[in-house]
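# Reading the structure
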Amino acid sequence: MSRPVLASLDLQALRNNLAIVRRAAGSARIWSVVKANAYGHGLDRVWNALRETDGFAMLNLEEAILLRERGWKGPILLLEGFFHADELELFDKYRLTTSIHSNWQLKVLQNARVHAPIDVYVKVNSGMNRLGFSPDKVSSVWQQLRAMSNVGSMTLMSHFAQAENADGVDAPMKQVEFAAEGLDCPRSLANSAATLWHPETHFDWVRPGIVLYGASPSGQWQDIANSGLKPVMTLSSEIIGIQNLKPGDAVGYGSRYRATQELRIGIVACGYADGYPRIAANGTPVLVDGIRTGTVGAISMDMLAVDLTPCPQAGIGTPVELWGKEIKIDEVAASAGTVGYELMCAVAPRVPVVTV
């Protein structure tokens with residue numbers, strides 16, 4: 001490795017986070033959500049650290065097949081189901097559970113030729129208005145599926161848009177209860193936030209995602225600060241240049257920052273082409289040689305600048321943590337007006353990744 005930017009993954013932190021989710025989930029089983037290439041961590045790198053889970057949930061068939069080829073024999077749920085009729089052959093071959101959220105999927109499943117019944121999750125639109133059947137249609141859909149010889153076990157599924165709020169599950173839960181009236185059905189409703197903060201939503205299966213990777217579902221690190229959850233990913237680099245500024249000197253494109261006094265800054269080998277957010281504000285927290293400081297100026301494609309006032313000892317080669325154990329990814333995301341989910345998923349392919 002020549003350029004010093006690096007993403008390191010703490011697999012013990014991942015195991016720790018799953019154990020914390022297990023305690024929070026009570027008697028419910030766990031779908032560990034590994035969509036988006038395990039939230040940017042790399043499914044092939046991290047799945048084995050999650051093998052104490054009850055099942056894996058994702059979007060892409062390719063990732064489901066990868067898990068089967070790596071030896072995972074437990075349940076795998078495709079959260080958006082199949083996208084084309086011919087994919088059911090692979091669902092059958094690899095014994096995958098499919099979400100059913102639309103009428104065309106019902107027809108395809110009814111007409112499919114499979115070697116054994118396929119387990120299904122019936123998705124209810126409880127107010128988020130992305131995918132799913134309206135609550136008043138669920139009973140009819142359920143009965144149609146129940147009558148199909150191609151269908152194995154069935155579970156009712158929904159998703160919460162505001163589970164980070166104290167009353168964020170109240171209205172959706174009423175919709176789910178209406179949809180489930182008269183049905184004897186297992187349920188999978190709880191996302192990360194609901195798993196942590198709304199035990200009344202746990203039922204049979206929970207589906208944690210972001211908390212497994214050690215970030216907050218609310219976007220506020222303080223909300224999970226006492227939970228024991230640990231960041232899995234650390235993005236780090238080094239100082240590769242030093243500049244000494246006079247009052248009035250500008251930093252970076254657009255001269256977005258001007259020094260008001262003499263200032264020593266460090267140039268760090270990381271930029272938006274590595275996945276660091278280009279719109280991160282001046283003062284976005286950074287750790288230089290173990291000391292907290294902040295960015296100055298616009299983020300460039302390959303570099304960013306940091307204020308070295310709190311760490312005058314820093315020089316060429318001094319280590320820098322962009323996010324990780326000390327600088328929480330939620331803090332960086334908030335400074336850029338986004339969420340930790342996006343930053344995890346945005347780490348660029350050119351950034352080397354190591355597991356610790």
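Residues numbered from 1 in each chain as written. Predicted model: local features only at pLDDT ≥ 70, side-chain atom pairs only at ≥ 80, totals over all residues. Heavy atoms only, no water.

- The protein goes by Alanine racemase in an unreviewed UniProt entry, where it is assigned to Kluyvera intermedia.
- Comment text from UniProt for the protein, heading Catalytic activity (unreviewed entry), reads "L-alanine = D-alanine".
- According to UniProt, the comment filed for the protein under the heading Pathway (unreviewed entry) is "Amino-acid biosynthesis; D-alanine biosynthesis; D-alanine from L-alanine: step 1/1." (UniProt positions renumbered as here; feature names shortened; annotations may be inferred.)

## Details of helix H1 (residues 11-25)
- With 15 residues, H1 should cover 21 Å at 1.5 Å per step; its first-to-last C-alpha distance of 21 Å lies within 8% of that length.
- All of the buried residues in H1 are Leu11, Ala13, Leu14, Asn17, Leu18, Ile20, Val21 and Ala25.
- Considering only its buried residues, H1 is in contact with strand S1 (6-9), strand S2 (29-33), helix H3 (43-46), helix H9 (192-197), strand S9 (205-206) and strand S18 (353-355).
- In this structure Asp10 caps H1, since a side-chain oxygen of it lies 3.1 Å from the backbone nitrogen of Gln12. (Helix = DSSP H or I, 4+ residues; strand = E, 2+ residues; numbered from the N terminus. Expected span 1.5 Å × (residues − 1). Buried < 20%, exposed > 50% of the residue type's maximum accessible area, 1.4 Å probe, protein only. Contact = heavy atoms within 4.5 Å. Polar contact = N/O pair within 3.5 Å; in protein donor to acceptor, adjacent residues only side chain to side chain.)

## Details of the UniProt feature "active site" (unreviewed entry) in the protein
- Per the UniProt entry, the sites bearing "active site" (unreviewed entry) are Lys35 and Tyr253 in this numbering. Across 219 residues in sequence, these annotated residues place their C-alpha atoms as far as 35.3 Å from one another, rather than forming a single compact spot.
- Within the element layout of this structure, Lys35 appears in helix H2 (residues 35-39).
- Among the residues examined, Lys35 registers a relative accessible area of 30% and is labelled partly exposed.
- When near neighbours in sequence (up to four residues on either side) are disregarded, Lys35 contacts Ala57, Met58, Leu59, Glu63 and Leu79.

## Some thoughts on unusual backbone geometry
- Unusually for a residue other than glycine, Tyr39 sits at a positive phi of about 50°.
- Within the element layout of this structure, Tyr39 appears in helix H2.
- Positive phi, normally seen in glycine, also occurs at Asp289, with a value near 55°.
- Its place among the elements puts Asp289 in the loop between strand S14 (285-288) and strand S15 (291-296).
- A relative accessible area of 37% means that Asp289 is categorised as partly exposed.

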